[in-house]
Amino acid sequence: MDEEFVKILGIESSCDDTGAAVLNNHTLLSNIIAGQQVHKEYGGVVPELASRAHQQNIVPVVDVALNKAGIDKSDLHAIAFTKGPGLMGSLLVGGTFAKSMALALGIPLIEVNHMQGHILAHFIKTEGEPYNPPRFPFLCLTVSGGHTQIVLVEDYLKMQVLGQTLDDAAGEAFDKAAKIMGLPYPGGPLVDKLAREGDRSRFQFPAPHAPGLNFSFSGLKTSFLYLVRDETEKDNLFVSKFTADLCASFQHCVIGVLMEKLRMASRQTGIKEIAIAGGVSANSALRQTLKEEAKNMGWNIYIPKMEFCTDNAAMIAITCYYKYQKKEFAGASSVPSARYEF
Ligand code: KG4
Ligand code: ZN
């Protein structure tokens, strides 16, 4: 095997997407993701159904990833899996699969923190595209369905959480607002789309307060709920008449809070290299606002490609690549951890 070109298989199964990706050093060879439609009718992810769907998907997803990468499993140097955080049953499927495959092939097994993966997704190289990864040290606003964090990234594997949500995550807030309006799960992408046609100043919500660089979104969600409830009592067509304005106003408030804390973190640390990551970083208004903010604040910004915003296995494989260099291998006793922190 040629050690100059490290081939990595990454497996992601922390929530409701089964992913497998192959990297050759930093360069992406394949990135396959199988979503799960089964949760749609429940308005959220049902953990037991998610783990069963992962069991059905994992073998074909890994097969397709290897085929698309044009390599055989015997060419692999290491296999990585998401250790956590995530749903225990879902994590177990990816973790057990990765462990068995690494054991069978006699190659290292590497555990990856999902949130660290979201951040390191910025370092994935795509053939034929410009490669401008963030420079250390940088700040990363990591916004997903389960987390909202501002992370100081000093090196690939040296990260420190400076602030995080004390209750709901930003993505969760989007999903809950959507649910209140009767929109399907996951609500974030739909709120984003509908908000484009709406008036963001039609409805005002009290700005959430949390100490320092921390966040809090549960109060905002409650005031959104009360507004919809009270106005629907007066006019039961309220939501359908004002869906776009509700989406735009809610989204505007969330983005306002995220930006305020990011500015604060930049001022406190003196760091002007700013990245975003996680599912909510796919939000078009957040991406646009960050560009405007960059001009005012003198920031160099890093916005991930859409395919690396939401959950994917390429981010697990790139994190594995850096851990492989440091020989941070997991033993046979490695098990997933639903609340794994870094
Ligand atoms: O990172 P991710 O795929 O999974 C977790 O690790 O949680 O993030 C999923 C979250 C969901 O809450 C989803 O509604 C939100 O990201 N999301 C968005 C958008 N796309 C996905 N939120 C707002 N606007 C979007 N365009
Ligand atoms: Zn995620």
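What counts and what doesn't
- Position labels on residues start from 1 in each chain and follow its written sequence.
- Here the convention is simple: chains get letters from A, ligands get numbers from 1, in the order in which they are written.
- Selection of residues for local features in this predicted model requires a pLDDT of at least 70, selection of side-chain atom pairs for listing and counting requires 80 or more, and totals for whole chains, interfaces and linings are taken over all residues.
- The side-chain values count all of the structure's non-hydrogen atoms but skip hydrogen atoms and water molecules.
- With axes taken as lines fitted to C-alpha atoms, and helix axes fitted only over the stretch in contact, angles between N-to-C directions fall between 0 and 180 degrees.
- In this text, helices come from DSSP runs of H or I with a minimum length of four residues, and strands from runs of E with a minimum of two, each type numbered from the N-terminal end.
- Roughly parallel means an angle under 35 degrees; roughly antiparallel, over 145; roughly perpendicular, 65 to 115; everything else is oblique.
- It only takes one pair of heavy atoms within 4.5 Å for two residues to be counted as in contact.
- Gly counts as polar in this scheme, as do all residues outside two lists: the nonpolar Ala, Val, Leu, Ile, Met, Phe, Trp, Tyr, Cys and Pro, and the charged Asp, Glu, Lys and Arg.
- Aromatic rings from Phe, Tyr and Trp, taking only the six-membered ring of Trp, are treated as a pair when their centres fall within 6.5 Å; an angle between ring planes under 30 degrees marks them as stacked, one over 60 as edge-to-face, and anything in between as tilted.
- Exposure is judged per residue with a 1.4 Å probe applied to protein chains only, and the accessible area is read against the type maximum: over 50% gives exposed, under 20% gives buried, and values in between give partly exposed.
- When DSSP finds at least two bridges between two strands, those strands are taken to pair.

Asks: Would you mind showing me how to read the packing of helix 5 (residues 187-195) against helix 7 (residues 238-269) here?
Replies: Any two packed helices are characterised by the angle at which their axes cross and by the distance between the axes. Where helix 5 meets helix 7, the axes come as close as 8 Å, and the angle between the chain directions of the two elements is 110 degrees. Accordingly, the angle class assigned to the pair helix 5 and helix 7 is roughly perpendicular. Two secondary-structure elements touch here, helix 5 through Val191, Asp192, Leu194 and Ala195 and helix 7 through Thr243, Ala244, Cys247, Ala248 and Gln251. For the contact of helix 5 with helix 7, the residue count by class is six nonpolar, two polar and one charged.

Asks: Would you mind showing me how to read the packing of aromatic side chains here?
Replies: Here the distance between the centres and the angle between the planes together describe a pair of aromatic rings. Considering all chains together, one arrives at 17 aromatic pairs under this definition. On the numbers, 5.6 Å between centres and 15 degrees between planes, the contact of Phe123 with Phe136 is stacked. Taken as a pair, Phe123 in the loop between helix 3 (114-120) and strand 6 (138-143) and Phe136 in the loop between helix 3 and strand 6 lie far apart in primary sequence, 13 residues in all. Accessibility expressed as a relative area gives 1% for Phe123, which makes it buried.

Asks: Could you clarify how one ought to interpret the sheet that holds strand 4 (residues 78-84) in this entry?
Replies: Note on sheets: strands pair through backbone hydrogen bonds, and any given pair is parallel or antiparallel. Reading across the sheet, the five strands line up as 3-2-1-4-5 and stay open at both edges, with mixed pairing between neighbours. At either margin of the open sheet sits one strand with a lone partner, and together these are strand 3 (27-34) and strand 5 (109-113). If you compare each strand with its neighbour and ignore which way they point, the axes differ by 20 degrees on average. Relative to strand 2 (residues 18-24), strand 1 (residues 7-12) is paired through six bridges, and the arrangement is antiparallel. Across the sheet, the residue bridging to Gly10 is Ala21, located in strand 2. This element, helix 2 (residues 88-105), spans strand 1, strand 4 and strand 5 of the sheet and lies at about 155 degrees to strand 4. Helix 9 (residues 314-325) contacts strand 1, strand 2, strand 3, strand 4 and strand 5 of the sheet and is inclined by roughly 130 degrees relative to strand 1.

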